[in-house]
Amino acid sequence: MKIVSHSTQDRVHGRVALLESAAPIVLITLSAASPLIITHWRTFYLVIFLALLTASLSSVGLKIGGSRDARPKSVLMNSRVAKAVVMRAGELWGSWGTSSWLLPFLVLYDGIKGVLPELLFFTYSLGQLVSIFLASVLPKSIGEKRVIELSLAAFIACDVLAAILLKETLLLFPVFLVFGISSFLYRPPTDVLIIRIMGNENAGTSMGYANAVSQVGSMVAPIFVGLAISISPILGVLSLALGPLVSLIILYTI
């Protein structure tokens, strides 16, 4: 993100979207390969281990120079950055809550049989892939905050529709496509917004701070949603929108 932050105004959104496209690409690959993963899960965990090891070793040689104008303390004390970081945590609540729970929910609690759950999750993953293109184009025309607002609102609306249409499987396909788009579209413009608040010289510190705090959303969401599902399946689905709802409220204060 520090490297990308030095891109020109016209290219920064596209490059941030491309950088963060790894998550949707991995997700759509996993959804397509889910039958094999379930059958050969031991091999799958071994592949994950090797992939993480390779990634960690390849990052050793990456050298990024610091900026003399960087002010790490000012990043931590900036109230707008703090709000944006909490907003990002709510966004990750939505992204990883759905990624963690949509497929098992459809199979275990909604009782959808055969390949339909996998097709629905593939549709959701495809939506995330589409969002990469939108995230690189829309902010340049309507601004980061507007894109984040529309994406969060669409996510909340799709979550409510998914809860209403749980038994109408075919109607879920267009909902899940928009669900996938809205569950990722807010990520790149939020990161650009955080960098813009503190400037390129503080991009590394800003994003490090944002990642450290906002990962709480990705860790808590699956646990919270799982507990909500154990109380009521419908409540579990609706709880996916809790983080994005908080993020939408915070957005209006930044």
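For every chain, the first residue of its written sequence is number 1, and the numbers climb from 1 along that sequence. pLDDT decides what is reported in this predicted model: residues at 70 or higher carry local features, side-chain atom pairs at 80 or more are listed and counted, and totals for whole chains, interfaces and linings draw on all residues regardless. Only hydrogens and water are removed before side-chain values are computed, so all heavy atoms of the structure are retained for them.

Draft legend 1. Focus on the packing of helix α7 (residues 116–142) against helix α9 (residues 169–185). As a rule, the C-alpha atoms of each element are fitted with a line to give its axis, helices using only the stretch in contact, and angles between N-to-C directions run from 0 to 180 degrees. Helix and strand assignments follow DSSP, with helices taken as H or I runs no shorter than four residues and strands as E runs no shorter than two, numbered in order from the N terminus. Where α7 contacts α9, the axes come no closer than 6 Å and their chain directions differ by 40 degrees. Here α7 runs over α9; the crossing is right-handed. Tallied by class, the residues present in the contact of α7 with α9 amount to 18 nonpolar, seven polar and no charged. Left-handed describes a crossing in which the near helix is turned anticlockwise from the far one by less than a right angle; the clockwise case is right-handed. Residues are sorted three ways: Asp, Glu, Lys and Arg are charged, Ala, Val, Leu, Ile, Met, Phe, Trp, Tyr, Cys and Pro are nonpolar, and all the rest, Gly among them, are polar.

Draft legend 2. Layout of the layout of surface pockets. Lining residues are those with an atom within 4 Å of a point, where the points come from a 1 Å grid over the protein atoms alone and group into cavities, where a 1.4 Å probe fits but cannot get out, or pockets, open sets with protein on both sides within 12 Å along at least five of seven lines. Grid points are joined across faces, edges and corners, and a volume is the space filled by probe spheres set on the points. Taken as a whole, the largest pocket spans an internal volume of roughly 660 Å³. Along the walls of the largest pocket sit 23 residues, with Leu-27, Leu-30, Phe-44, Trp-96 and Ser-99 positioned nearest its centre. Of the residues forming the lining of the largest pocket, the biggest block, six residues, is contributed by helix α2 (residues 22–32). Among the residues forming the lining of the largest pocket, the class breakdown is 17 nonpolar, four polar and two charged.

Draft legend 3. Here's a closer look at the environment of Leu-245. Along the chain, Leu-245 turns up in helix α13 (residues 242–251). Summary of the burial criterion: residues with accessible area below 20% of their type's maximum are buried, those above 50% are exposed, and those between are partly exposed, where the area comes from a 1.4 Å probe applied to protein chains only. A relative accessible area of 42% means that Leu-245 is categorised as partly exposed. Each C-alpha atom, one on Leu-245 and one on Ile-156, is 7.0 Å from the other, the two residues being 89 residues apart in sequence.

Draft legend 4. Representation of the nonpolar core. With 44 residues, the main nonpolar core has Val-81, Met-87, Tyr-124, Ile-148, Phe-176, Phe-179 and Ile-197 as its most contacted residues. Apart from the residues within four sequence positions on either side, Val-81 is in contact with Val-75, Ile-197, Met-198 and Tyr-209. Formed by seven residues, the second largest nonpolar core is a distinct cluster that contains Ala-17, Ile-132, Val-147 and Leu-185. Residues belong to one nonpolar core when they are buried, are Ala, Val, Leu, Ile, Met, Phe, Trp, Tyr or Cys, and are joined through side-chain atoms within 4.5 Å. Any two residues having at least one pair of non-hydrogen atoms within 4.5 Å are treated as being in contact.

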